[in-house]
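# Working through the structure, step by step
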Amino acid sequence: MIDRTLFNTDHEAFRDSFRRFVEKEITPLHDSWEDQGYVDREVWRAAGANGFLCMTMPEEYGGAGADRLYSVAQMEEIARAGVSGIGFGLHSEIVAPYVLHYGTEAQKKHYLPLLATGEMVGAIAMSEPAAGSDLQGVKTTAIKSADGSHYLLNGSKTFITNGWHADLVIVVAKTDPAAGAKGTSLFLVERGMEGFSKGKRLKKLGMKAQDTSELFFDNVKVPAQNLLGGAAFEGRGFICLMEQLPWERLQIAIGAVASAQAAIDWTVEYVKDRKVFGQAVASYQNTRYTLAELQTEVQVARVFVDKCCELVCEDKLDTATASMAKYWCSDLQCKVMDECLQLHGGYGYMWEYPITRAYADARVQRIYGGTNEIMKEVISRSMGLGGR
């Protein structure tokens, strides 16, 4: 196998520390969290106390000022362990960066330290019942009051990761519905604001411990100072969303590759022990060749994703390349899960086996973050092949 050169000794020491945290604080409880449909709030506080949240935020805002490779290592360990209920990545590497990159100084000083300790859990509300990958189709509105002191927020969101636990939600809304994408703004909405309510926790095919929820906004009076970035960013929300998408989509690819490798590792151990007709399943050519093919494809994907990680650390990752990583790796993840489950035979259909849960968890990777069909549209347009 090709040695990885992405991480240094400090990154690997952090990986070992976080792996121990997962083994002690998460893995023993994850089955019960799947049954209840959400992780216990205590794990957020424990992660914050150990410095495992918002690590890449500057120290002045409660973070560690670490580079993104620490977060990559964390994402890989969560995927490797199959603990899909943990929403740390979205909290630390999607929500917090929006506040850091676009927030006013007052917003950064107020929210980032609370996110870093786990006192606040963050979510971002983009998808709506009639608007998923097409963010320009958002119907939620935020209309400014006559005196400019607040906005009235109305609409609903769905499929919101961390939505049920969320104390802070970045809400995508139209401040000028007639202006299309140019009328989109982002708002910092807090738990407890009058008119902001949470619907049921959604029951899903996989990721059963992830608290995915519906959110509702009924004349929520959002103070003007809660417009992300302040008045200068009114109508600039769509631009902000587009700027952050490459890193968000790469995160999906990172998890996909790590999860696929974990599935191969579980399956290699299983087929060595499992016997059919008096022989280990691993002794059959079909088994060996299938795993050899899968390992080759995952190795290829890992090299590509590692290169993308280098690019993102240099702020050079473009949207088309990130879309390639997201679509290719999530497709591969689903292929690996299917083949590895098949090699487990009937046991691969039993929920107690990690391959079964990983199979169910993997399917959404091709949908969220923009469907893989949308990824191909983005890639083709970068090639000069415009659609209608």
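Please refer to the structure placed before this passage.
Let me sum up the structure you'll find in this document. Predicted model only: the values in this text are computed from it and were never measured.

Each value, and the rule that gives it
Residues numbered from 1 in each chain as written. Predicted model: local features only at pLDDT ≥ 70, side-chain atom pairs only at ≥ 80, totals over all residues. Heavy atoms only, no water. Helix = DSSP H or I, 4+ residues; strand = E, 2+ residues; numbered from the N terminus. Rg over C-alpha atoms; globule rule 2.2 N^0.38 Å. Buried < 20%, exposed > 50% of the residue type's maximum accessible area, 1.4 Å probe, protein only. Contact = heavy atoms within 4.5 Å. Areas by Shrake-Rupley, 256 points an atom, 1.4 Å probe, with all protein chains shown as cover. Polar contact = N/O pair within 3.5 Å; in protein donor to acceptor, adjacent residues only side chain to side chain. Pairing = 2+ DSSP bridges. Phe/Tyr/Trp six-rings, centres within 6.5 Å; stacked < 30°, edge-to-face > 60°. Lys NZ or Arg CZ within 6 Å of the ring centre and 35° of its normal. Core = buried A, V, L, I, M, F, W, Y, C linked by side-chain atoms within 4.5 Å.

## Considerations on the overall build of the protein
The secondary structure content of the protein amounts to 10 helices and nine strands. Against the globule reference of 21 Å for 388 residues, the protein gives a C-alpha radius of gyration of 21 Å, in line with a compact fold. Here the protein holds 388 residues, and 54% of them are scored as buried. Here the contacts in the protein between residues at least 6 apart in sequence split such that 74% fall between residues at least 24 apart. Accessible area of the protein: about 17500 Å², with a carbon and sulfur share of 53%.

## Things to note about the side chain of H30
Structurally, H30 can be placed in helix α1 (residues 9-36). A distance of 3.4 Å separates a polar atom in the side chain of H30 from the backbone nitrogen of S84. With near-sequence residues (within four places) excluded, H30 lies in contact with G82, V83, S84, G85 and A209.

## Thoughts on the pairing of strand β2 (residues 141-144)
Bridge analysis of β2 against strand β3 (residues 150-160) gives four bridges, and the strand direction is antiparallel. Its bridge partner being in β3, T141 is matched across the sheet by N154.

## Concerning the packing of aromatic side chains
Under the criterion given, the structure shown has 15 aromatic pairs. Aromatic pair Y347 and Y353: ring centres 5.5 Å apart, planes at 45 degrees, arrangement tilted. Its relative accessible area of 36% is what places Y347 among the partly exposed residues. The ring of W164 has R201 lying over it, and the distance from NZ or CZ to the ring centre is 4.4 Å. Here the guanidinium or amino end of R236 rests over the ring plane of F233, the centre of that ring lying 5.4 Å away.

## Focus: the nonpolar core
Ranked by size, the top nonpolar core spans 62 residues in total, and within it I26, F88, L250 and V336 carry the most contacts. Where this core is concerned, the elements lending two or more residues are α1, α2 (41-49), α3 (68-81), α6 (237-273), α7 (285-313), α8 (319-343) and α9 (354-362). No other element matches the 11 residues that α6 contributes to this core. Not counting residues up to four positions away in its chain, the partners in contact with F88 are F18, F21, I26, V43, W44, A47, L53, Q74, I78 and E93. Grouped together as the second largest cluster of nonpolar side chains are 31 residues, L90, Y98, L100 and F233 included.

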